[in-house]
Amino acid sequence: MSEIKLLFEYADTYKDNKNYIESKKIDIRSFIPDNLLRKNIPRIPRLSELQVVRHYTNLSRLNMSIDGNFYPLGSCTMKYNPKVNDKCALDANFINLHPLQKDEDCQGTLQIFHELQGYLSGISGMDETSLQPLAGAHSELTGLLIVKAYYKDGKENKRNVVLIPDSAHGTNPATCTMCGFKVREIKTNERGCINLEDLKNKLSDEVACLMITNPNTLGIFEENIVEITSMLHKVGSLVYMDGANMNALIGIVRPGDFGVDLMHFNLHKTFTTPHGGGGPGAGAICVKKLLAQYLPVPHIELKQNKYVRNYNYPRSVGSISYFYGNTGNIIRGYVYIRSIGKEGLKRVAQMAVLNANYLLYKFRKLFLVPYKRRCMHEFVVSAKNIKAQYHVSTLDIVKRLLDYGFHAPTIYFPLIVEEAMLIEPTETEDVRTLDSFVAAMEKIVNEAKTNPELLHEAPHSTPVGRLNEVKAARDPILRWVPS
Ligand SMILES: Cc1ncc(COP(=O)(O)O)c(C=O)c1O
């Protein structure tokens with residue numbers, strides 16, 4: 001941690017700027033056009049500190065959060081976010097830095113970017129990394145733009161198909177379509193992995209890449225991954241890996257070693273940034289050497305002992321966000337990796353997989369398990385049996401979980417499993433929490449038998465009851481008025 005502290009001391013430009021402005025007696029208003037200057041004092045409510053504290057504290061209690069509740073939302077990796085990450089990211093020397101500050105004024109921040117690029121290349125087994133994407137889906141977009149640029153350079157414009165397994169997250173096909181690729185779906189076999197026969201039949205010289213998630217969204221490691229990547233390479237296609245589920249692999253397996261050409265991390269999941277409700281995210285796109293020249297600019301590099309933003313990549317796909325990425329989240333990810341180290345990363349993956357298998361073992365007695373095998377960091381069960389017997393749906397079950405103080409798992413996803421619940425406990429939960437979650441599920445299944453109405457109307461103890469979810473999304477009421 002002492003090295004991190006040293007980096008902070010570099011980032012003292014804010015103080016210099018402030019002193020400069022004060023010493024020159026610069027009137028900031030002279031930089032603002034007259035028509036944009038305020039003519040009247042704004043109508044800002046006058047409140048005491050106590051009123052503000054109560055307002056936000058009460059608001060925060062209306063919701064479920066990782067700091068207050070177990071949050072097994074599959075595929076979202078809602079693990080504990082260490083507070084030291086926030087403490088570092090919110091240091092005044094970082095948050096007051098202007099994105100257009102000269103390279104020599106922000107060496108500490110650029111060093112963090114550069115080192116994190118290196119760590120992620122190492123963890124993924126890739127050669128180069130860019131931290132510019134602002135989310136997982138944004139990284140997918142960047143990755144497919146890179147794939148497109150690569151084939152355009154090689155004059156292989158015919159390659160306009162992307163193969164995607166039917167278990168994939170919805171952002172995968174959406175990204176392909178946005179980039180002008182055609183999507184061709186690959187079937188999942190009875191073991192929850194890619195159907196090799198189907199993949200073989202769909203390979204052609206039109207295929208640009210396979211977009212694969214590993215472990216996949218069923219929580220299963222693609223057991224034929226080496227064969228799969230070599231099948232793609234034999235026909236001149238690339239392999240893109242959606243790395244949203246890297247929490248199961250970090251420190252143990254490197255996608256670059258099993259043939260992946262480019263992949264992304266969701267920094268906000270695997271490397272602990274508080275996320276949810278649409279943000280704030282951070283992605284990282286990692287590529288093998290053959291694709292490095294297409295990465296977004298600027299690329300952060302170390303040249304003659306100076307960290308620089310290098311824009312000199314004529315074949316780059318360009319800038320894909322305003323500046324250099326979500327700096328606050330990049331600092332959080334960096335601090336997390338530096339705090340737990342190489343062995344810590346490995347232990348994260350081991351514990352995440354252990355916790356998920358513990359819950360899967362317990363849930364076998366309550367629900368149907370579509371793929372009867374060991375899982376990775378998450379697993380899928382189906383409440384089809386409960387629905388058939390007691391007319392209680394997966395939605396009813398998870399709404400009732402809220403009454404017992406647990407956030408719901410992901411439901412009705414992956415789409416290939418009926419009445420699905422995708423459960424990801426993460427490594428940061430202890431066995432007592434897991435056992436109390438199992439006990440709540442046992443009670444709910446019992447209630448389904450004895451009092452199904454209770455579940456149809458759940459939740460009963462939350463600030464608002466069951467919402468009209470379509471109306472809530474289309475016509476949200478965002479203003480909270482104290483009662
Ligand atoms: C497997 C998978 N891919 C892609 C995404 C999209 O990531 P993001 O929400 O960061 O855009 C998610 C998000 O939940 C995911 O679980």
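Residues numbered from 1 in each chain as written. Predicted model: local features only at pLDDT ≥ 70, side-chain atom pairs only at ≥ 80, totals over all residues. Heavy atoms only, no water.

A.B. asks: Could you clarify how one ought to interpret helix α6 (residues 107-124) in this entry?
C.D. replies: Since one α-helical turn is 3.6 residues long, residues separated by three or four positions face the same way. Taking 1.5 Å per residue as the helical rise, α6 with its 18 residues ought to reach 26 Å, and the 26 Å between its terminal C-alpha atoms agrees with that figure. Most of α6 sits inside the fold, with 14 of its 18 residues counted as buried. Phi for G125, located one or two positions after α6, is positive at around 75 degrees. (Helix = DSSP H or I, 4+ residues; strand = E, 2+ residues; numbered from the N terminus. Expected span 1.5 Å × (residues − 1). Buried < 20%, exposed > 50% of the residue type's maximum accessible area, 1.4 Å probe, protein only.)

A.B. asks: Help me understand the domain arrangement of the protein chain in this model?
C.D. replies: How big an interface is tends to be stated in terms of accessible area lost as the parts join. Considered domain by domain, the protein chain is made up of domain 1 (103-339) and domain 2 (342-463). If you average the C-alpha positions of domain 1 and of domain 2, the two centres end up 30 Å apart. Contacts between the two partners involve 29 residues from domain 1 and, on the opposite side, 21 residues from domain 2. For the pairing of domain 1 and domain 2, the buried interface totals around 1,900 Å² over both sides, and the portion due to carbon and sulfur atoms is 66%. In this assembly, domain 1 and domain 2 are joined by one salt bridge. For the pair domain 1 and domain 2, the number of links is five residue pairs in polar contact (both at pLDDT 80 or more). (Domains from an automatic or database assignment. Contact = heavy atoms within 4.5 Å. Buried area = accessible area lost by both parts, 1.4 Å probe. Salt bridge = Lys/Arg side-chain N within 4 Å of Asp/Glu carboxyl O. Polar contact = N/O pair within 3.5 Å; in protein donor to acceptor, adjacent residues only side chain to side chain.)

A.B. asks: Would you take a moment to explain the site of the ligand for this structure?
C.D. replies: The full set of residues close to the ligand is S75, A135, G136, A137, E140, H169, T171, D242, A244, N266, H268 and K269. In this structure, an oxygen atom belonging to the ligand sits 2.5 Å away from a side-chain N or O atom of S75. Here an oxygen atom of the ligand sits 3.0 Å away from a polar atom, N or O, in the side chain of H268. Of all the secondary-structure elements, those providing two or more residues to the shell around the ligand are α7 (136-153) and α11 (267-270). Top element by residues in the shell around the ligand is α7. It accounts for three residues. Partitioning the shell around the ligand into residue classes produces three nonpolar, six polar and three charged. (Near = heavy atom within 4 Å. Nonpolar A, V, L, I, M, F, W, Y, C, P; charged D, E, K, R; others polar.)

A.B. asks: Please clarify how helix α8 (residues 171-178) should be interpreted in this entry.
C.D. replies: For α8, the complete set of buried residues consists of N172, T175 and C176. Around the axis of α8, the buried residues are gathered within 100 degrees of arc, so they sit on the same side. Exposed and facing more than 90 degrees away from the buried side of α8 are T177 and M178. Here the buried face of α8 lies against α7, β2 (161-165), β3 (182-186), β4 (207-213) and β5 (238-243). Immediately beyond the C-terminal end of α8, within one or two residues, lies G180, with a positive phi of roughly 85 degrees. (Arc of directions from axis to C-beta.)

A.B. asks: Sorry, what's going on with the pairing of strand β6 (residues 262-266) here?
C.D. replies: Side-chain direction in a regular strand flips from residue to residue, so the side chains alternate between the two faces of the sheet. Of all five residues in β6, five are buried; the element is thus mostly enclosed. Burial of the side chains of β6 extends over both faces: L262, H264 and N266 are buried on one face and M263 and F265 on the other. As paired strands, β5 and β6 are joined by four bridges and run parallel to one another. Looking across to β6, one finds that M241 is bridged to M263. (Pairing = 2+ DSSP bridges.)

A.B. asks: Is there a simple way to explain the nonpolar core in this structure?
C.D. replies: When a protein is soluble and globular, its nonpolar side chains tend to lie buried together. Core analysis: the largest hydrophobic core is formed by 55 residues, its most contacted members being L120, L199, F265 and F271. If one sorts the elements of this core by residue count, helix α12 (residues 327-363) sits on top with ten residues. Among the domains, domain 1 (103-339) and domain 2 (342-463) are the pair contributing at least three residues each to this core. Beyond its immediate sequence surroundings of up to four residues, L199 is in contact with L163, I186, I194, L210, I228, M231 and L232. Of all hydrophobic cores here, the second largest spans 30 residues; its members include V369, A383, L434 and L455. (Core = buried A, V, L, I, M, F, W, Y, C linked by side-chain atoms within 4.5 Å.)

A.B. asks: Can you walk me through a nonpolar patch on the surface in this structure?
C.D. replies: On the surface, I28, F31, I32 and L36 cluster together into a nonpolar patch covering about 430 Å² of accessible area. Position of I28 among the secondary structure elements: in the loop between α2 (13-23) and α3 (49-61). The class for I28 is partly exposed, based on a relative accessible area of 45%. (Patch = residues over 30% accessible without salt bridge, like charges linked within 9 Å, V, L, I, M, F, W, Y side chains within 5 Å. Areas by Shrake-Rupley, 256 points an atom, 1.4 Å probe, with all protein chains shown as cover.)

A.B. asks: Is there a simple way to think about the sheet that holds β2 in this case?
C.D. replies: Within a sheet, adjacent strands bond to each other through the backbone by hydrogen bonds, running parallel or antiparallel. Taken in spatial order, the seven strands line up as β1-β7-β6-β5-β4-β2-β3 in an open sheet, and their pairing is mixed. Looking at the sheet topology across the chains shown, the edges are occupied by β1 (128-130) and β3. Strand-to-strand twist across the sheet, computed as the mean angle between neighbouring axes with direction ignored, equals 20 degrees. Summarising the sheet, β2 and β4 pair through three bridges and their orientation is parallel. (Axes fitted to C-alpha atoms, helices over the stretch in contact; angles between N-to-C directions.)

A.B. asks: Honestly, the packing of aromatic side chains in this entry has me stumped. Any pointers?
C.D. replies: For the coordinates displayed, the defined rule picks out 13 aromatic pairs. When the ring of F271 is compared with that of Y336, the centres are 6.4 Å apart and the planes differ by 65 degrees; the resulting orientation is edge-to-face. Taken as a pair, F271 in the loop between α11 and β7 (283-287) and Y336 in helix α12 lie far apart in primary sequence, 65 residues in all. Considered together, F271 and Y336 belong to a single accessibility category, that of buried residues. The side chain of K148 reaches across the aromatic face of F181, ending 5.2 Å from its centre. (Phe/Tyr/Trp six-rings, centres within 6.5 Å; stacked < 30°, edge-to-face > 60°. Lys NZ or Arg CZ within 6 Å of the ring centre and 35° of its normal.)

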